[in-house]
Amino acid sequence: SEAIVTKRILFALILLCPAISASPYPKVSRYALDISFVPTSGTLKGMAGVYFDKKETIDNKVTFFLHGELRIDSILQAGRTASFEESQVLYPYDYSLIADKVDVKLDSTLSRDPLRIYYGGYFSPSKVRSPSDYMRIDSSGVLLRAYGYSLWFPVFLESGAPSYLTTFKPVILRIPSQYQIVFCGKYLVDTVE
């Protein structure tokens, strides 16, 4: 009958609606990083340019995570300041188990535009479980890994979510001249300022 067909169609439309809404964790196609490390004080200060995958549906809010001791200075989108809120959450995929969760309110007309995230702070050394797990910024050097270990740049993934390949271009790491940088990628140039 016509009434039964209408109910079935309406039920199918209701089931499809959640799949249409955008995730607050859009896929990042490329990061542009400019990070200064100060081993003597155990700190970093950085800027992350975040470029979202063109296939992503982006709403007016995105969420990312940083190491729990880091704080956001500012976030820009198309040269305009974006508002954001920070909170501390449990995040087992960072050695400290705590992450700074950052909810960013986007201008809906600019949601496809990249973000420039300015942030900084301290890294308390991790407790040693094994040499490969020892995350730190201290006078002996800087040892930081990415998702699953130390969130030293914004990660748009919930803890434990499957990771994916992305591009890092360019990556500028600033360290005192007596240290040597080891970063996975294609080496371009080394300068002393």
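Located above this text is the structure these notes cover.
Here we summarise the structure given alongside this text. (Residues numbered from 1 in each chain as written. Predicted model: local features only at pLDDT ≥ 70, side-chain atom pairs only at ≥ 80, totals over all residues. Heavy atoms only, no water.)

## Quick notes on the overall build of the protein
Thought 1: In terms of regular secondary structure, the protein is built from one helix and 11 strands.
Thought 2: What you see in the protein, going N to C, is helices and strands ordered as α-β-β-β-β-β-β-β-β-β-β-β.
Thought 3: Burial analysis of the protein (193 residues in total) assigns 34% to the buried set.
Thought 4: Across the protein, the fraction of contacts at a sequence separation of at least 24, relative to all contacts at a separation of at least 6, is 70%.
Thought 5: Approximately 11800 Å² of the protein is accessible, and the part contributed by carbon and sulfur atoms is 58%. (Helix = DSSP H or I, 4+ residues; strand = E, 2+ residues; numbered from the N terminus. Buried < 20%, exposed > 50% of the residue type's maximum accessible area, 1.4 Å probe, protein only. Contact = heavy atoms within 4.5 Å. Areas by Shrake-Rupley, 256 points an atom, 1.4 Å probe, with all protein chains shown as cover.)

## A few points about the packing of aromatic side chains
Thought 1: Here the structure, examined in full by the defined rule, presents 10 aromatic pairs.
Thought 2: On the numbers, 4.8 Å between centres and 40° between planes, the contact of Phe65 with Tyr91 is tilted. Of this pair, Phe65 sits in strand 3 (residues 61–67) while Tyr91 sits in the loop between strand 6 (83–90) and strand 7 (98–105), and the two are 26 residues apart along the sequence. Like Tyr91, Phe65 is buried.
Thought 3: Judged by centre distance (5.3 Å) and plane angle (80°), the rings of Phe153 and Phe168 are edge-to-face. Pair noted here: Phe153 is in the loop between strand 10 (141–143) and strand 11 (167–174) and Phe168 is in strand 11, with a separation of 15 residues, a long-range link. (Phe/Tyr/Trp six-rings, centres within 6.5 Å; stacked < 30°, edge-to-face > 60°.)

## Some words on the sheet that holds strand 1 (residues 28–38)
Thought 1: Here we have six strands laid out as an open sheet, ordered 5-4-8-2-1-11, and mixed in their pairing. Of all the strands in the sheet, just strand 5 (80–81) and strand 11 have a single pairing partner and so form its edges.
Thought 2: Where strand 4 (residues 70–77) and strand 8 (residues 115–122) come together, seven bridges link them in antiparallel fashion. Residue pairing across strands places Leu76 opposite Arg116, the latter belonging to strand 8. (Pairing = 2+ DSSP bridges.)

## Remarks on the nonpolar core
Thought 1: Formed by 40 residues in total, the largest nonpolar core has its most connected members in Tyr119, Trp152 and Phe156.
Thought 2: At five residues, strand 1 tops the list of elements feeding residues into this core. (Core = buried A, V, L, I, M, F, W, Y, C linked by side-chain atoms within 4.5 Å.)

## As for the environment of Asp94
Thought 1: For Asp94, the position within the fold is in the loop between strand 6 and strand 7.
Thought 2: By relative accessible area, Asp94 is classed as buried at 1%.
Thought 3: The spacing of Asp94 and Phe65 is 29 residues in sequence and 9.7 Å in space, taken between C-alpha atoms.

## Regarding the pattern of salt bridges
Thought 1: The final tally for this structure, using the stated rule, is five salt bridges.
Thought 2: The partner of Asp100 in a salt bridge is Arg71, and the shortest N-O contact between them spans 4.0 Å. Remark: Arg71 occurs in strand 4 and Asp100 occurs in strand 7; sequence separation between them is 29 residues.
Thought 3: On the accessibility criterion, Asp100 (1% relative accessible area) is buried. (Salt bridge = Lys/Arg side-chain N within 4 Å of Asp/Glu carboxyl O.)

## Details of the sheet that holds strand 3
Thought 1: What the three strands build is an open sheet, ordered 3-7-6; its pairing is antiparallel. At either end of the open sheet lies a strand with only one pairing partner, and these are strand 3 and strand 6. Mean inter-strand twist for the sheet, computed between neighbouring axes without regard to direction, equals 25°.
Thought 2: In this structure, strand 6 lies alongside strand 7, joined through eight bridges in antiparallel fashion. Each residue of the ladder has a partner; that of Phe84, found in strand 7, is Val104. (Axes fitted to C-alpha atoms, helices over the stretch in contact; angles between N-to-C directions.)

So yeah, pure geometry; function would need other evidence.
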